[in-house]
Structures are given as structure tokens and as C-alpha cells.
Amino acid sequence: MTSTLAATQTGTEPARRAPITIQFILTGIVWGSSFLFMKVALGGISPAQVVWSRLVLGALALGLFVALRRERLPRALRTWMHLTVVAVTFCVIPFLIFSWAQQHVSSGLASIFNATTPIMTAVMAWAVFRVEKLKLVQVIGILVGIAGVMVIIAPWQGMDAEQSIGAQLAILGATACYGFSLAYMRRFLGDSGVSALVFSFLNIGLAAAIMVLLTPLLVLTPVRLDIWIVGAVILLGFLGTGLAYVWNQNVLRAWGPTRASTVTYITPVVGVTFGILILHEELSWNEPVGALIVFAGILLTQNRIRFRRRT
């Protein structure tokens, strides 16, 4: 990964690796809990209202940070056009898909399927946009991560008949959108000169603007609110769609799209954990074992595990 952006804006000195790693882990935890927040919110509002709320609240949170830091917005029309593409493919479409699908699948299963994002990203970055070459250790790490996810899913136990196949396929389409967007950012916005904070604000802000324009078509439906639904929407918006996106952009610029997208290996672990603690789902042996395998895959993908060669 030799992009100018990663080399000039993040550096590779050890002193800066720890903060990026911390942001990577926090992003995985927050985004893993987002599936729970969506599930709770869907108890009183529609999928489109969930997306509308999280994007508008996220844009407000990020806009506040931009204003406090007096960040400058880009002037180039080309940058705005590329940011609009990312807003649609990274936010509007996949958010709507996930919110709709979680009416038919559990939050834990949705978070598990979300872990296919690194695979989609690797394919897009290598085959479509030609912005990355995968090293053997990264390929092994991705395969190990996939194996860990499969252990968590436990396909030998059979799929739950109540989980909609159509919804599961739709979620895979959403992760394909994520993979496309991450590779697209690297290809067309890597040298934009836009800070991570402004980039995140415009990404979420443009997506929020699109949802506001779609309000008469998608959002004006009855709602049923209580303290849990309101709290879930606030956390999903300000934290999951606000602050976590700044962390994700910092990681993306430091590690590149394929390695940054491995944050989705953490989300199934978090999703399963919250499913057990809050939704009272049963814990079987394969879930913690799969989690350990997933983390091993992350370490391999990030070159944290090195193998010595015999001389």
C-alpha cells in the first residue's frame, strides 16, 4: 500500500500506530453495537426513518466538530461529485438495506454478515479499481477471518428457517456497496487534501441531505416512540454515524481500504455479545472460538504476526 495519502498524512512511525489501532477497535465496538440500536429503533419507526434519523443526527454531530475546529470545506467540484457518489454507495443504499433486512433477521446475524465487507473490499480494490495488491499474508488473514465468521455462524447446525434468505442476500449486497465505496475513496479521493473530519462530515451530510429530499416519499409514516427507541436512535446517530466515522477515516488513510475494512471482523463479536447480554440469546461453544479465530485473522491482515524464515 503505497498511496501518497497514506505516506504523507499518517506516516508509519511507531508513535502513531497505537492511536490508529485504538480508533480501529473503538470503531468496531461502536459499529457492532449499531445493529442492536437499529433493532431496538425498528420497534417503533420504519427502516427509512431509522436511516433518516441516524444520518441527520450524525451530520449535526460532525458539523459541530467541523465548526469548532474551523475546518475548511473543499472547493473543487470534482471532489464534491466524488463525495456524492460515496454518500450514496457508502451510506444511503447500504443503510436502507440493513434497516430493512433487520426486520427479517436478528441483529447478531446482520452483524455477522457484515463481516463479508473485507472480502468485497479486497475484490473491488484489486479487480475493479486496481488500487491495491494483496500480499500473501493478507490473503491468509482474510481467509482466517472468513473461517472465524463461519465458525460463529455454525452452518453445520442448519440455518434458522425464520431468517429470510432474501434479507440475507440483501445484506450481502449492502456489504458489496461498502467494499465498492472503500475502494472508490482510495482511487478517486486519496489525494483530495480533505481532512478526515471534513470528509466524514461531507459523507454523512450529503447522505443526510439526500434522505431529507426523500422525506415525502419514504419518511412520512406513523411512529411509536419510547425512551428506549429514542435512546437507540440518538446513540446510532451521534455515536455510530458521527464520531465513529471520523475514526474510520483515520484508519482508512493509515492502513488502506482492505485492512481498514477488517473492522467488520470485530462487529460480529460485539453483535453476538450484545445479543446474549441484552436480547438474551443463547451462547454456544462455536461463538467464542470463532471470535478468537476472527481476531487472529485481523492480526494477520494487518501484518501484526510475522513468520520467521529458516536460513
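Keep in mind the model is a prediction, meaning the values are calculated, not measured.

Caption draft 1: Quick peek at the side chain of Ser111. Following the sequence through the fold, Ser111 ends up in helix H5 (residues 107-113). Judged by its relative accessible area of 0%, Ser111 falls in the buried class. Engagement of the side chain of Ser111 in a polar contact is seen with the backbone oxygen of Gly108, the distance being 2.7 Å. When near neighbours in sequence (up to four residues on either side) are disregarded, Ser111 contacts Phe35, Thr267, Pro268, Gly271 and Val272.

Caption draft 2: Molecular detail of the pattern of salt bridges. Tallied over the full model, the rule gives two salt bridges. A salt bridge links Glu71 to Arg69, with the shortest nitrogen-to-oxygen separation between them at 3.6 Å. You can call Glu71 partly exposed: its relative accessible area is 24%. Of the charged contacts, one joins Arg224 and Asp226 as a salt bridge, the two residues approaching to 3.7 Å between their closest N and O atoms. When its relative accessible area of 31% is taken as the criterion, Asp226 is described as partly exposed.

Caption draft 3: Expanded view of the confidence of the model for the protein chain. Confidence in the prediction of the protein chain, expressed as mean pLDDT, is 82, and 86% of residues score 70 or more. The least confident element of the protein chain is helix H1 (residues 4-10), whose mean pLDDT is 36; the most confident is helix H4 (residues 77-101), at 95. Low pLDDT, under 50, characterises residues 1-15; the stretch is placed with 21 contacts to residues that sit more than four places away or in other chains.

Caption draft 4: Quick peek at the packing of aromatic side chains. Under the defined criterion, the tally for this structure stands at eight aromatic pairs. Taking the centre distance of 5.5 Å and the plane angle of 70° together, the rings of Phe90 and Tyr178 count as edge-to-face. One end of the pair, Phe90, is in helix H4; the other, Tyr178, is in helix H8 (residues 165-188), and 88 residues separate them in sequence. By relative accessible area, which is 4% here, Phe90 ends up buried.

About the criteria used
Residues numbered from 1 in each chain as written. Predicted model: local features only at pLDDT ≥ 70, side-chain atom pairs only at ≥ 80, totals over all residues. Heavy atoms only, no water. Helix = DSSP H or I, 4+ residues; strand = E, 2+ residues; numbered from the N terminus. Buried < 20%, exposed > 50% of the residue type's maximum accessible area, 1.4 Å probe, protein only. Polar contact = N/O pair within 3.5 Å; in protein donor to acceptor, adjacent residues only side chain to side chain. Contact = heavy atoms within 4.5 Å. Salt bridge = Lys/Arg side-chain N within 4 Å of Asp/Glu carboxyl O. pLDDT = per-residue confidence, 0-100. Phe/Tyr/Trp six-rings, centres within 6.5 Å; stacked < 30°, edge-to-face > 60°.

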